[in-house]
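Overview (structure and organization)
Each chain, letter by letter, is given below.
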Amino acid sequence: MSAPQKIVIATRESRLAMWQAIHVQGRLASLNPASEVVILGMTTRGDQILDRPLAEIGGKGLFIKELEVAMQAGEAHLAVHSMKDVPMTMPEGFVLAAISARENPLDAFVSNKYAGLDELPAGAVVGTSSLRREATLRARYPQLVIKSLRGNLDTRLKKLDAGEYDAIILAAAGLIRLGLADRVKAVLSAEQSLPAPGQGALGIELLAGDAAMAAVVAPLNDPDTAHCVKAERALSRALGGSCQVPLGGYAIIDNGQLWLRGFVASVDGQQMVSAEVRGAPDADETLGLQLAEMLRAQGADAILAGLACH
């Protein structure tokens, strides 16, 4: 099957989303020299509503809805997403056709005054948009003040630079991709802050049944990353997926085995259960479900029941 003459990539217009789209554009252009590969930039509701936490306004789907409408209308062939922004259950009629090799999946500590979390004095203000990071910080550093931080990467850094926060926690991948690695004061280990499912990986979404485009994007799939992300997403889906849940899920391929770690916590960090599982990489989703059951056995359901799920 030959690639279409023109391949249109839908993306959000934030600087990071554009970097991701341009990265995929470059790879597809080199793989399909006879095709013109273009980018369709769009603003989504998730980009427009910045005064409220994501959990209140409908969650991660707000960042991809408009892109899906463009695909349905025939205006775009594919959309590129940060995997951690993709809802755990794909909307009817859409598929994740490829998951590309992961950038650094860990969280980064960014501050103009302090070298790491342990240096922050009591009462220091730390910004994050993530319930997962908030719960982790509250559990380990109850003396800190955690404040919501929305907006794209540049907006968040501006708020830090303006003195609204003493430190902020961001995904290391985004900073690295935008050439801002020098802003990272410390990369938090998985033990300090277990990443979100899919963090650092890019996903390519297509209309279900588009065999021609599936063949075009297939070479972009990285099997190891895809196994890890599928395991993380299966864990998240089994524990409430679409709700905003303080949940970490992180897998790596370790000595030929998929090693998946996960936790669920209350937002205040007072309750937290964690577990891990190992198995064959191609048993990715089964391992995710297995870990969800292990967390349930430790009391995850009681924690989840206490969270407001709209």
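Before reading further, recall that the structure is shown in the block above.
Residues numbered from 1 in each chain as written. Predicted model: local features only at pLDDT ≥ 70, side-chain atom pairs only at ≥ 80, totals over all residues. Heavy atoms only, no water.

1. Considering the sheet that holds strand β11 (residues 247-254)
Taking strand neighbours across the sheet as the criterion, the three strands line up as β11-β12-β13 in an open arrangement whose pairing is antiparallel. Looking at which strands have only one partner, the edges of the open sheet turn out to be β11 and β13 (272-279). Adjacent strand axes in the sheet meet at a mean angle of 10° when their direction is disregarded. Pairing of strand β12 (residues 257-265) with β13 involves eight bridges; the strand directions are antiparallel. Within β13, the position partnered with G262 by the bridge is A275. Relative to the sheet, helix α9 (residues 223-238) contacts β11 and β12, its axis offset from that of β11 by approximately 150°. (Pairing = 2+ DSSP bridges. Helix = DSSP H or I, 4+ residues; strand = E, 2+ residues; numbered from the N terminus. Axes fitted to C-alpha atoms, helices over the stretch in contact; angles between N-to-C directions. Contact = heavy atoms within 4.5 Å.)

2. Here we look at the pairing of strand β7 (residues 145-148)
Bridge count for strand β6 (residues 125-128) against β7 is four bridges, and the pairing is parallel. Note that in β7 the partner of G127 across the bridge is K147. What joins β6 to β7 is helix α5 (residues 131-140), and the crossover it makes is right-handed. (Right-handed = clockwise from strand over helix to strand, strands pointing away.)

3. Overview of the side chain of S111
You can see S111 is positioned in the loop between β5 (107-110) and β6. The class of S111 is buried, set by a relative accessible area of 1%. Reaching out from S111, the side chain makes a polar contact with the backbone nitrogen of K113 at a distance of 3.1 Å. Here Y114 takes part through its backbone nitrogen, which lies 3.0 Å from a polar atom of the side chain of S111. Look past the residues within four positions of S111 in its chain and what remains in contact with it is L160, D166, A167 and K185. (Buried < 20%, exposed > 50% of the residue type's maximum accessible area, 1.4 Å probe, protein only. Polar contact = N/O pair within 3.5 Å; in protein donor to acceptor, adjacent residues only side chain to side chain.)

4. A short note on the nonpolar core
Within the largest apolar cluster, 21 residues are counted, with the highest numbers of intra-cluster contacts made by L239, L260, V264, L291 and L295. Those elements giving two or more residues to this core turn out to be α9, β11, β12, β13, α10 (284-297) and α11 (300-305). Here the element with the most residues in this core is α10; it accounts for four residues. Every residue in contact with L239, bar those within four places of it in the chain, is listed here: V245, L247, V264, A292, L295, R296, A300 and L304. (Core = buried A, V, L, I, M, F, W, Y, C linked by side-chain atoms within 4.5 Å.)

5. Overview of unusual backbone geometry
Excluding glycine, most residues fall at negative phi; most peptide bonds, likewise, are trans. A positive phi angle, near 50°, is found at N255, a position not held by glycine. Inspection of the secondary structure puts N255 in the loop between β11 and β12.

6. Considerations on α10
The terminal C-alpha atoms of α10, which comprises 14 residues, lie 20 Å apart, in line with the 20 Å expected from a rise of 1.5 Å per residue. Every buried residue of α10 is accounted for by D284, L287, G288, L291, A292 and L295. One side of α10 holds all its buried residues, which, seen down the axis, span an arc of 145°. In this structure, α10 carries T286 and A297 as exposed residues pointing more than 90 degrees from its buried face. (Expected span 1.5 Å × (residues − 1). Arc of directions from axis to C-beta.)

7. Regarding the environment of L117
With respect to the helices and strands, the residue L117 is situated in the loop between β5 and β6. Residues L117 and I168, spaced 51 residues apart in sequence, show a C-alpha to C-alpha distance of 10.0 Å. Aside from chain neighbours lying at most four places away, what touches L117 is F109, L137, Y141, L144, I169 and L188.

8. As for the packing of α9 against α10
One can describe the packing of α9 onto α10 by two numbers: an axis separation of 7 Å at closest approach and a directional angle of 40°. Note that α9 runs across α10; the crossing there is right-handed. Contacts between α9 and α10 pair H227, K230, A231, A234, L235, R237 and A238 from the former with D284, E285, G288, L289, L291, A292, L295 and R296 from the latter. Per-class residue counts for the contact of α9 with α10 are eight nonpolar, two polar and five charged. (Left-handed = near helix turned anticlockwise from the far one by under 90°. Nonpolar A, V, L, I, M, F, W, Y, C, P; charged D, E, K, R; others polar.)

9. Quick look at the side chain of Q20
For Q20, the position within the fold is in helix α1 (residues 15-31). Dropping the residues within four chain positions of it, Q20 is found in contact with V80, H81, S82, R177 and L202.

10. What about the environment of L307?
Here L307 shows up in the segment after α11. A relative accessible area of 14% places L307 in the buried class. Considered as a pair, L307 and P246 are 61 residues apart in the sequence and their alpha carbons are 9.1 Å apart. Discounting residues that sit within four places of it in the chain, L307 has contacts with V245, P246, A265 and V267.

11. Re the sheet that holds strand β1 (residues 6-12)
Strand pairs in the sheet, formed through backbone hydrogen bonds, run parallel or antiparallel to each other. The five strands lie next to each other as β2-β1-β3-β10-β4, forming an open sheet whose pairing is mixed. Edge positions in the sheet fall to β2 (36-42) and β4 (94-99), since each of these pairs with one other strand and no more. Taking each pair of neighbouring strands and ignoring which way they run, the sheet shows an average axis angle of 30°. Bridge count for strand β3 (residues 78-82) against strand β10 (residues 202-207) is five bridges, and the pairing is antiparallel. Note on β10: the bridge partner recorded for H81 is G203. Packing of α1 onto the sheet brings it into contact with β1, β2, β3 and β10, and relative to β1 it is tilted by some 160°. Across the sheet, helix α4 (residues 65-72) is in contact with β1, β2, β3, β4 and β10; its angle to β10 comes to roughly 40°.

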